[in-house]
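Chain and residue survey
One-letter residues, chain by chain:
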Amino acid sequence: MLAAAVSGVAVGALMGLLGAGGSVLAVPALVFGVGMSVHAAIPASLAVVGASAVAGIVPRLRQRRIRWGVALAFAVPGLPAAYAGTAIGRQLPERWLMLGFAAVMAVVAVRMLASSSGGGGACRTGTGGVDVRRCLPKAVLAGAAVGLLTGLFGVGGGFAVVPALALLLGLDAAEAVATSLVVVALNSASGLSAHLGAAPVDGADAGVIAGFAAAAVATSLAMGRLSRRIAADRLQMAFGVAVLVVAAGTAAAALWAPGLLAG
């Protein structure tokens, strides 16, 4: 239980500050720290990350940084795609799921570290506002891709949503973080529904998930209030570094931890 609580604090910190990254830590923490199988950790991760995302939205309502139209345009196509990703993921060995997860994280992290924060993407108007109609095609395609990753790897998708919102659609880092939380909450709910429909969470894991979620939610609320004091470019840099570190650790554990994963 202690390992779950400590991991929950880390997940909540990432969700509250960065609007993403909680799931990329939650799955490895549940597998390597708590001892769950990958297939059990996936729905557990979705439950924890979804709750953390909702908690992270609360302090940002006053900040008025959430772009609701963009969030819905992005999230709706991802809901059915999450079911497709879930079906594909059940057919893959656990070791390969974790390696694929690490590869996707590494690509996203490198892209974020190499690029500057949004500002001129598809959603931006000439006056700096946001026009959803201008970026609808990109939002739909990116949302479907993130939904697929949500079901496949048991992630809320924020690690891909934040770069897509910033780099493809032109939201600044603070807007991307806040808007990502809405997308993550909806994606997590869809992915969790898909997983629980086929394999309900074991009663023995329920207590671990509850402790994990409680720590994550409390920390996410606290970090959400702190985030307004951090510059947008620093948020983006921190996000990229965090995801890259977790990607390297996940890949190393999947490759070299003896007997940890089957397949």
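Numbering of residues starts from 1 in each chain and follows the order in which that chain's sequence is written. Confidence filtering applies because this is a predicted model: local features only for residues at pLDDT of at least 70, side-chain atom pairs given and counted only at 80 or more, and all residues used for totals across whole chains, interfaces and linings. As a convention, hydrogens and water are excluded, and side-chain values are obtained from all of the structure's heavy atoms.

Topic: helix H7 (residues 132–153)
Axes are fitted to the seven residues ending at a residue and to the seven starting at it; the angle between these axes is taken as the bend at that residue. Secondary structure follows DSSP: runs of H or I at least 4 residues long count as helices, runs of E at least 2 residues long count as strands, and numbering of each begins at the N terminus. The largest bend in H7 comes to about 40 degrees, at Lys-138. The classification of residues rests on relative accessible area computed with a 1.4 Å probe and restricted to protein chains. Under 20% of the type maximum is buried, over 50% is exposed, and intermediate values are partly exposed. The set of residues buried in H7 consists of Cys-135, Ala-139, Ala-142, Gly-143, Val-146, Gly-147, Leu-149, Thr-150, Gly-151, Leu-152 and Phe-153.

Considerations on the confidence of the model for the chain
The predictor rates its confidence in each residue with pLDDT, a number between 0 and 100. Taken as a whole, the chain shows an average pLDDT of 75; of its residues, 77% reach a score of 70 or greater. The secondary structure element of the chain with the lowest average pLDDT is helix H1 (residues 2–18), at 71, and the one with the highest is helix H4 (residues 68–75), at 87. The contact rule is simple, with two residues in contact once any of their heavy atoms fall within 4.5 Å. Below a pLDDT of 50 lies the segment residues 258–263, which in the model reaches 13 contacts outside its immediate sequence neighbourhood of four places, other chains included.

Some thoughts on the pattern of salt bridges
When a carboxyl oxygen of Asp or Glu is within 4 Å of a side-chain nitrogen of Lys or Arg, the pair counts as a salt bridge. Counted by the stated rule, this structure contains one salt bridge. One salt bridge in this structure joins Glu-175 and Arg-67, with 2.6 Å as the shortest N-O distance. Pair noted here: Glu-175 is in helix H9 (residues 173–198) and Arg-67 is in the loop between helix H3 (38–63) and H4, with a separation of 108 residues, a long-range link.

Description of the nonpolar core
One finds Val-11, Phe-74, Leu-165 and Leu-169 to be the most contacted residues of the largest nonpolar core, which totals 65 residues. It is H3 that provides the largest number of residues to this core, a total of nine residues. The criterion is simple. A nonpolar core is a set of buried Ala, Val, Leu, Ile, Met, Phe, Trp, Tyr and Cys residues joined through side-chain atoms within 4.5 Å.

Here we look at the side chain of Glu-175
Residue class for Glu-175 comes out buried when judged on its relative accessible area of 3%. Polar contacts involving the side chain of Glu-175 include one to the side chain of Arg-67, which spans 2.6 Å. Side-chain atoms alone can form a polar contact between residues adjacent in sequence; in general such a contact is a pair of N or O atoms within 3.5 Å, and within protein one must be able to donate a hydrogen while the other accepts it.

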